[in-house]
Amino acid sequence: VPFEGGTRSLCWKILLNYLPLDQTLWDTFLKKQRCSDYTVNVAQLLEGHVCPNLRELYVQFLKEMIIQPGIAKANLGLSREDVTMEDHPLNPNPESRWNNYFKDNEVLLQIDKDVRRLYPDMAFFQRPTEYPSKLILDPQNEYETLRRRVEQTTLKAQTVDRNRSGVTNVGSPGRALNLYPSNEFEVLPSGCEAHWEVVERILFIYAKLNPGIAYVQGMNEIVGPIYYTFATDPNGQWKEHAEADTFFCFTNLMSENRDNFIKSLDHSQCGITYKMESVFSMLKEKDVELYMKLQEQNIKPQYFTFRWLTLLLSQEFLLPDVIRIWDSLFSDQDRFDFLILVCCAMLM
C-alpha cells in the first residue's frame, strides 16, 4: 500500500473496520457536529443507543477516565470527607475509589515502562507531537495528569557513608533517583507531549474500558506501528486526529487478536497454543524434512512462534518492514491464517 498522499493511513482505517467502505459516509461519520453533547453516558454510546461520532466519543473517554478521576485525586486530602471508615487508602473493597485508583496506577506504571522504550532505535516516539491534546493540556483543567501520577512514584535517594571514626554522613536530601537515566527518555516541558505519551494514554484508556484483559505487556508493540502510520500521515486533517483514530483501530484489531493475550484461553481452539501448533502443522505440510529436524532436536514452537503470533511480527523486523507486512496482513480476509503462513515461511 503506497504511503504517498496518506493512502496507507486511509486504507488501514478501512481494513480495520474504522471507516465504512462508502466514502460518502466519511464526513458524516467523523464530523464533530454529529455528537456535540459530551455529557452523554459512555455506556449508552458503547451499546449503540445514540449515534456517536467516534472522535467525540474518544474525547468523552478522556474526560471520564483521565480528567475526572484526576480532578478527584487532586482534591483528595483537601477534605476529611475523602477518607472515611467505609472508604480509605487501605480499603480492599473492589468498589473502593482508593482501591481502583491504586490498581489503575499499577497498570499505568507498566504501560509507562513499556511505551518509553517503544522502538528505541528511532527517535520518533520521543519527539513532541505536532498536535498535543488540547483537552489534556488545557491549563483550566486542574487535575492530576498521567504524567504526574507516574512522577509521584520516583524514589527519593540519599547517600549514607560512615567513616572509620563512626561518623555518619548523609548526602543532600531530596535527590530523586532517576528511573530513566537516558536523556532520550526525558519528559518534555509543560505544554508539550511526546508521541510515547499519546500512546500511553491510548493504552491506559483501552485497559480501563477492557478490565477483563486490561493491559498485557506487548500491546505497546501492536499499537506503535498503527499510531506511527497515522501520526505521519501527509494529510494534516487526518494527522491531527491520529490519537483517536489509532485508539479505535487498535481496539478493532485487538478484538480479533485479544484471545492470544488471555491466559485462560491458551489451550482452547482460539488460544495461542493452538495457533503455535498450527504453524508446525503447516510446516510439516510444506517442508516435512525441516519439521522432522526440529522434532529431533526437541525445538518446540512456543520457543519462537509465541512472540511472532501475539505481536504480529512487530518485534522481528524494523518498523518500515513491519508496516509493509501489515499492509498484506490487514488486506487479507483471513488475516491470521495469512500470519501463520508468514511464520511458516520464516522457518523455511
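None of these values were measured; they are calculated from a predicted model.

Draft legend 1. A look at the overall build of the protein. Scanning the protein from terminus to terminus reveals 16 helices and four strands. Restricting the contact set of the protein to residue pairs at least 6 apart, pairs at least 24 apart contribute 67%. Working note: accessible area of the protein is about 19200 Å², and carbon and sulfur atoms make up 52% of it.

Draft legend 2. Highlighting the pattern of salt bridges. Here the structure, examined in full by the defined rule, presents nine salt bridges. Across the pair Glu 193 and Arg 201 runs a salt bridge whose closest N-O atoms are separated by 2.4 Å. No difference in accessibility class separates Glu 193 from Arg 201, as the two residues are buried. The residue Arg 201 makes a salt bridge to Glu 243 at a minimum N-O spacing of 2.8 Å. Of this pair, Arg 201 sits in helix H8 (residues 195–209) while Glu 243 sits in helix H11 (residues 242–257); the two residues are 42 residues apart in sequence, bridging distant segments of the chain. Of the two residues, Arg 201 and Glu 243, neither departs from the other in class, the shared state being buried. Several salt bridges converge on common partners, so that one network encompasses Glu 193, Arg 201 and Glu 243.

Draft legend 3. How the structure looks around the environment of Ala 242. Position of Ala 242 among the secondary structure elements: in helix H11. On a C-alpha basis, the gap between Ala 242 and Arg 55 in space is 10.0 Å, while along the polypeptide they are 187 residues apart. Not counting the four nearest positions on each side in its chain, Ala 242 is found in contact with Tyr 227, Phe 230 and Ala 231.

Draft legend 4. Geometry of the environment of Ser 314. Along the chain, Ser 314 turns up in the loop between helix H14 (305–310) and helix H15 (319–331). Among the residues examined, Ser 314 registers a relative accessible area of 1% and is labelled buried. In this view, Ser 314 contacts Tyr 119, Glu 221, Val 322 and Trp 326; residues no more than four positions away in its chain are not counted. Separated by 3.4 Å, the side chain of Ser 314 and the backbone oxygen of Glu 221 make a polar contact.

Draft legend 5. Quick look at the confidence of the model for the protein. Here the protein averages 77 in pLDDT, while 72% of its residues score no lower than 70. For residues 32–51, every residue scores under 50 in pLDDT, and the model assigns this stretch 33 contacts once sequence neighbours within four places are set aside.

The rules behind the values
Residues numbered from 1 in each chain as written. Predicted model: local features only at pLDDT ≥ 70, side-chain atom pairs only at ≥ 80, totals over all residues. Heavy atoms only, no water. Helix = DSSP H or I, 4+ residues; strand = E, 2+ residues; numbered from the N terminus. Contact = heavy atoms within 4.5 Å. Areas by Shrake-Rupley, 256 points an atom, 1.4 Å probe, with all protein chains shown as cover. Salt bridge = Lys/Arg side-chain N within 4 Å of Asp/Glu carboxyl O. Buried < 20%, exposed > 50% of the residue type's maximum accessible area, 1.4 Å probe, protein only. Polar contact = N/O pair within 3.5 Å; in protein donor to acceptor, adjacent residues only side chain to side chain. pLDDT = per-residue confidence, 0-100.

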